[in-house]
Amino acid sequence: MPTVTFDVPEGALSALRLSPSEFVKEMRLAAALLWYSQAEISQSKAAEVAGTSRAEFIDELAHRRIPVVQVTLEELNEEVHRE
C-alpha cells in the first residue's frame with residue numbers, strides 16, 4: 001500500500017484532541033465519506049480507504065446522515081421504466 005506523508009499545523013492535533021494515529025484514522029474516514037458522498041468511489045472502495053469493513057462504513061454513513069444508497073433521479077427513472 002502506498003504511503004502518503006504531509007505536514008499538519010502545530011496546533012491541529014491538540015485542537016482536535018487527537019493523537020497522531022487517531023488523526024490518521026479520522027482523515028482516512030473523512031476522505032472516504034467525502035469521496036463516497038460525491039459519488040467518486042463505491043461503498044466497498046470507501047470502506048477500504050477508511051480502513052473499515054463495509055458494514056462499519058455503512059454504519060458511519062448512517063451515523064453522519066449521509067445517504068447509504070446513492071441513486072440519481074435519472075438512474076431511478078431508468079430502473080422504473082425497464083421492461
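The structure under discussion appears in the preceding block.
Quick caveat: nothing in here was measured; it's all calculated off a predicted structure.

1. Side note on the pattern of salt bridges
Line of reasoning, step 1. If you walk through the whole model with that rule in mind, you get four salt bridges.
Line of reasoning, step 2. Linking Glu26 and Arg64 is a salt bridge whose minimum nitrogen-to-oxygen distance equals 3.3 Å. Pair noted here: Glu26 is in helix 2 (residues 20–37) and Arg64 is in the loop between helix 4 (54–63) and helix 5 (73–80), with a separation of 38 residues, a long-range link.
Line of reasoning, step 3. Residue Glu26 is classed as partly exposed on the basis of its relative accessible area of 34%.
Line of reasoning, step 4. Accessibility expressed as a relative area gives 35% for Arg64, which makes it partly exposed.
Line of reasoning, step 5. We note a salt bridge from Glu48 to Lys45, for which the minimum N-O separation is 3.2 Å. In this pair, Glu48 and Lys45 are both assigned in helix 3 (residues 43–50), three residues apart and thus about one turn of the helix distant.
Line of reasoning, step 6. Here Glu48 falls in the exposed class, since its relative accessible area comes to 52%.
Line of reasoning, step 7. Among the charged side chains, a salt-bridge network with shared partners connects Glu26, Glu60 and Arg64.

2. Some words on the packing of helix 2 against helix 4
Line of reasoning, step 1. Across the interface, helix 2 lies against helix 4 with an axial gap of 11 Å and an inter-helix angle of 75°. In terms of orientation, helix 2 and helix 4 fall into the roughly perpendicular class. Touching Leu29, Ala32, Leu33 and Tyr36 of helix 2 are Phe57, Glu60 and Leu61, all from helix 4.
Line of reasoning, step 2. Partitioning the contact of helix 2 with helix 4 into residue classes produces six nonpolar, no polar and one charged.

3. Describing the packing of aromatic side chains
Line of reasoning, step 1. Per the stated rule, a full pass over the model turns up one aromatic pair.
Line of reasoning, step 2. Seen from their ring centres, Tyr36 and Phe57 are 5.8 Å apart, and the 90° between their planes marks the pair as edge-to-face. Of the two residues, Tyr36 sits in helix 2 while Phe57 sits in helix 4, which places them 21 residues apart along the sequence. Assigned by exposure class, Tyr36 and Phe57 land together as buried.

4. Points about the nonpolar core
A general feature of soluble globular proteins is that nonpolar side chains tend to end up buried together.
Line of reasoning, step 1. With 10 residues, the main nonpolar core is built from Leu29, Ala32, Leu33, Tyr36, Ala46, Ala47, Ala50, Phe57, Leu61 and Ile66.
Line of reasoning, step 2. Elements that contribute at least two residues to this core include exactly helix 2, helix 3 and helix 4.
Line of reasoning, step 3. In terms of residue count, the dominant contributor to this core is helix 2 (four residues).
Line of reasoning, step 4. Not counting residues within four places of it along the chain, the set of residues in contact with Ala50 comprises Arg28, Leu29, Ala32 and Phe57.

5. Things to note about unusual backbone geometry
Line of reasoning, step 1. Phi is positive for Arg17, close to 55°, though the residue is something other than glycine.
Line of reasoning, step 2. With respect to the helices, strands and loops of the structure, Arg17 is situated in the loop between helix 1 (12–16) and helix 2.
Line of reasoning, step 3. At Arg65, a position not held by glycine, the phi torsion is positive, near 55°.
Line of reasoning, step 4. Assignment of secondary structure puts Arg65 in the loop between helix 4 and helix 5.
Line of reasoning, step 5. For Arg65, a relative accessible area of 78% puts it in the exposed group.

Calculation criteria
Residues numbered from 1 in each chain as written. Predicted model: local features only at pLDDT ≥ 70, side-chain atom pairs only at ≥ 80, totals over all residues. Heavy atoms only, no water. Salt bridge = Lys/Arg side-chain N within 4 Å of Asp/Glu carboxyl O. Helix = DSSP H or I, 4+ residues; strand = E, 2+ residues; numbered from the N terminus. Buried < 20%, exposed > 50% of the residue type's maximum accessible area, 1.4 Å probe, protein only. Axes fitted to C-alpha atoms, helices over the stretch in contact; angles between N-to-C directions. Parallel < 35°, antiparallel > 145°, perpendicular 65-115°, else oblique. Contact = heavy atoms within 4.5 Å. Nonpolar A, V, L, I, M, F, W, Y, C, P; charged D, E, K, R; others polar. Phe/Tyr/Trp six-rings, centres within 6.5 Å; stacked < 30°, edge-to-face > 60°. Core = buried A, V, L, I, M, F, W, Y, C linked by side-chain atoms within 4.5 Å.

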